[in-house]
Amino acid sequence: MATEVTQEAPAVPSVWRNRHFLLFFSAQTISFVGDMMLPVALTVAMLAAGFGASEVGLVLAAHIAPMVVLMLVGGVLADRFQARRMMIVADLVRLVAIGLMAVDVAGGRPSLWLLIATQAVTGAATALYQPGVAGMVPAVAPGHLKEANAALRIGISLGAALGPMGAGIVVGFAAPATAIALDAASFAVSAVCLSVIRLVAVPTPRRENLWQGMRHGWYEFRSRTWLWPVIAVFALLGLTLYGPFQVLAATVLTDRDGASGYGLMMSLFGAGAAAGGLVAMRMRPRFPLRTGIIALLGYLPVPFLVGQGAPPVLLAPAFVAAGAGASVWAVMWATTVQTQIPADVLNRIYAYDQTGSLILQPVGRALAGPAAGLLGTGTVLTTSSVGLLAGCAALLAIPAFRRLPAGPP
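Another point: helix α11 (residues 288-296). Along α11, the positions that sit buried rather than exposed are P288, L289, G292, I293 and L296. Seen along its axis, α11 keeps its buried residues to an arc of 125°; they face one direction.

Here is the structure:
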């Protein structure tokens, strides 16, 4: 295995003056904008071709399953063969797969099985790409981890706002296939940016096969009592909060306020997330996990208010606060993991994090509709808020979590 560091080892005054980080930031942000364009363009193309909601859901879901299954393998490979190398390979695979999808959609009547297959391939490639992100941040932004993580959150927030909007514009003036092709092109840009970064491999003495690497990662994961409870809690929140809320909020707000009303709330969430990233960039908490999880409580009112049919004048500030709180938590969590976990297992730990966050979300999405029909939407979303409160309280009750000090910069 080998870790990587930038050739220009001395820290620079700001991440925004760091060429390596700017390239990495560009790769992440541009490819994320493309990712956010794809669901909109693909949904429009499939509906126009005569497919129904069931086929659209099947194609969109085909991306998630390979990610959950292969994420841990991706973490081991990123630690073993260098994260940047795995990320470039993943980008090239996604370029080809999404390019084939664009060609198929441009024909007018896309093949359902080809769409499912290309989505599955992109999901598998994402499982190879995503674990390496955690290991790349210390390599490209030494001495500025929190600032770098905050900047990346801002980029993601901008991507979440600009991607769907851009897809709508492109689809309106051109065609869905054009928007899908732009998504494919975003992976080409990402691969070029990553390849230009100059990193030096620093070999480590450990030699492991795939199974040994996974077992070693599991030992490092379970041995930290501040770490695994977070993954467990967020796996359950995927079932009780994030999964149901994504489905029911879209349904409730679109039915009441139209697509523009729902889009406005999501844009306010993105604006709050960008603001939260800026705030987190300046924060210097003694106990970052405690600070982050308290900030995440800003998400608490949103499911309840949506479920109770609150008017937009109340929802707007709540969505801004939710985005800001979620962003502060994400920055504090990512920085803590990067400063507390040894470099040679960092990508595997991040893979456990990603797997835990995803594993129950599809179940939460699938059960949201039936649960709302049986119990009522208000009851389900109130339970989501209560679940978040319980999860945050459970983490704050763990001394190893709330007392974990900030790591070295």
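Counting 81 residues, the largest nonpolar core has F21, F24, L194, F234, L296, W329 and W333 as its most contacted members. Ranked by the residues each element gives to this core, the list is headed by helix α10 (residues 228-282), at 15 residues. Residues within four places of F234 in sequence aside, it is in contact with Y242, I293, L296, W329, G356 and L395. Listed in part, the 26 residues of the second largest apolar core include L38, F51, M101 and A102.

What follows covers the packing of aromatic side chains. Evaluation of the coordinates by the stated rule reveals twelve aromatic pairs. Ring geometry for W16 and F25: centres 5.3 Å apart, planes at 80°, overall edge-to-face. Judged by its relative accessible area of 39%, W16 is partly exposed. With centroids separated by 6.4 Å and ring planes inclined at 35°, the aromatic side chains of F245 and F319 adopt a geometry described as tilted. Of this pair, F245 sits in helix α10 while F319 sits in helix α13 (residues 312-340); the two residues are 74 residues apart in sequence, bridging distant segments of the chain.

Parameters at a glance
Residues numbered from 1 in each chain as written. Predicted model: local features only at pLDDT ≥ 70, side-chain atom pairs only at ≥ 80, totals over all residues. Heavy atoms only, no water. Buried < 20%, exposed > 50% of the residue type's maximum accessible area, 1.4 Å probe, protein only. Helix = DSSP H or I, 4+ residues; strand = E, 2+ residues; numbered from the N terminus. Arc of directions from axis to C-beta. Core = buried A, V, L, I, M, F, W, Y, C linked by side-chain atoms within 4.5 Å. Contact = heavy atoms within 4.5 Å. Phe/Tyr/Trp six-rings, centres within 6.5 Å; stacked < 30°, edge-to-face > 60°.

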